[in-house]
Amino acid sequence: MSETAGTYIDLGWEFHAKKQYDQAIEQFRKAIEMDGNAVDAYYGLGLSCKARGEKETAIQAFERVLALAPTLEDRARAQILSRLAQAHLETLRGSNGEA
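Only a predicted model underlies this, so the values are computations on that prediction, with no experimental measurement involved.

Observations concerning the side chain of His 16
Along the chain, the position of His 16 falls in helix α1 (residues 5-17). Setting aside its immediate chain neighbours within four residues, His 16 contacts Tyr 21, Ala 24, Leu 47 and Ser 48.

Shown next, in the form of structure tokens:
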């Protein structure tokens, strides 16, 4: 079976759902290596890093979501991802490292 960015994103979400954040982060990073514009991978990376308390990495991932979301063809999805990423950024920037 040939792995694609989507395969790694799916695996990342499976690990995230099980609260296995280290494994989730690893899978999201693999997806990003394969496709540097994989907005879903950056969003998952942001959530997993936030859950682990890795504030700066989470902020960087959510900022990348904001940069990439406008490139999505699905405008409604782009708006939703942008709003979610912005809300996470506000939470992260307003906290003292506690996600």
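Next comes the rest of the description.
Focus: the packing of α1 against helix α3 (residues 39-52)
Across the interface, α1 lies against α3 with an axial gap of 10 Å and an inter-helix angle of 20 degrees. On the basis of the axis angle, α1 is roughly parallel to α3. In this structure, the crossing between α1 and α3 has a hand that is left-handed. Each of Ile 9, Trp 13 and His 16 in α1 lies in contact with α3, whose residues at this interface are Asp 40, Ala 41, Tyr 43, Gly 44, Leu 47 and Ser 48. In terms of residue class, the contact of α1 with α3 is built from 5 nonpolar, 3 polar and 1 charged.

A few points about the pattern of salt bridges
For the structure shown, the criterion picks out 5 salt bridges. The residue Arg 77 makes a salt bridge to Asp 40 at a minimum N-O spacing of 2.4 Å. With Arg 77 in helix α5 (residues 75-94) and Asp 40 in helix α3, the pair connects residues that are 37 residues apart, well separated along the chain. Arg 93 serves as the salt-bridge partner of Glu 63, at 2.2 Å between the closest nitrogen and oxygen. Here the residue Glu 63 occupies a position in helix α4 (residues 55-68), and Arg 93 occupies one in helix α5, the gap between them amounting to 30 residues. For Glu 63, a relative accessible area of 36% puts it in the partly exposed group. Because the salt bridges share partners, they merge into one network encompassing Asp 22, Arg 52 and Glu 54.

Topic: the nonpolar core
Across soluble globular proteins, nonpolar side chains show a tendency to be buried alongside one another. Core analysis: the largest hydrophobic core is formed by 29 residues, its most contacted members being Ala 41, Leu 45, Phe 62 and Val 65. Element by element, the count of residues in this core is highest for α3, at 7 residues. Apart from the residues lying within four places of it in its own chain, the contact partners of Val 65 are Val 39, Tyr 42, Tyr 43, Leu 81 and Ala 85.

Considering the packing of α3 against α4
It is at 8 Å that the axes of α3 and α4 come closest, and there the two elements cross at 155 degrees. On the basis of their axis angle, the class for α3 and α4 is roughly antiparallel. Crossing of α3 against α4: the hand is left-handed. Facing Val 39, Tyr 42, Tyr 43, Leu 45, Gly 46, Leu 47, Cys 49 and Lys 50 of α3, the residues of α4 in contact are Thr 57, Ala 58, Ala 61, Phe 62, Arg 64, Val 65 and Leu 68. A breakdown of the residues in the contact of α3 with α4 according to their chemical character gives 11 nonpolar, 2 polar and 2 charged.

About the thresholds
- Residues numbered from 1 in each chain as written.
- Predicted model: local features only at pLDDT ≥ 70, side-chain atom pairs only at ≥ 80, totals over all residues.
- Heavy atoms only, no water.
- Helix = DSSP H or I, 4+ residues; strand = E, 2+ residues; numbered from the N terminus.
- Contact = heavy atoms within 4.5 Å.
- Axes fitted to C-alpha atoms, helices over the stretch in contact; angles between N-to-C directions.
- Parallel < 35°, antiparallel > 145°, perpendicular 65-115°, else oblique.
- Left-handed = near helix turned anticlockwise from the far one by under 90°.
- Nonpolar A, V, L, I, M, F, W, Y, C, P; charged D, E, K, R; others polar.
- Salt bridge = Lys/Arg side-chain N within 4 Å of Asp/Glu carboxyl O.
- Buried < 20%, exposed > 50% of the residue type's maximum accessible area, 1.4 Å probe, protein only.
- Core = buried A, V, L, I, M, F, W, Y, C linked by side-chain atoms within 4.5 Å.

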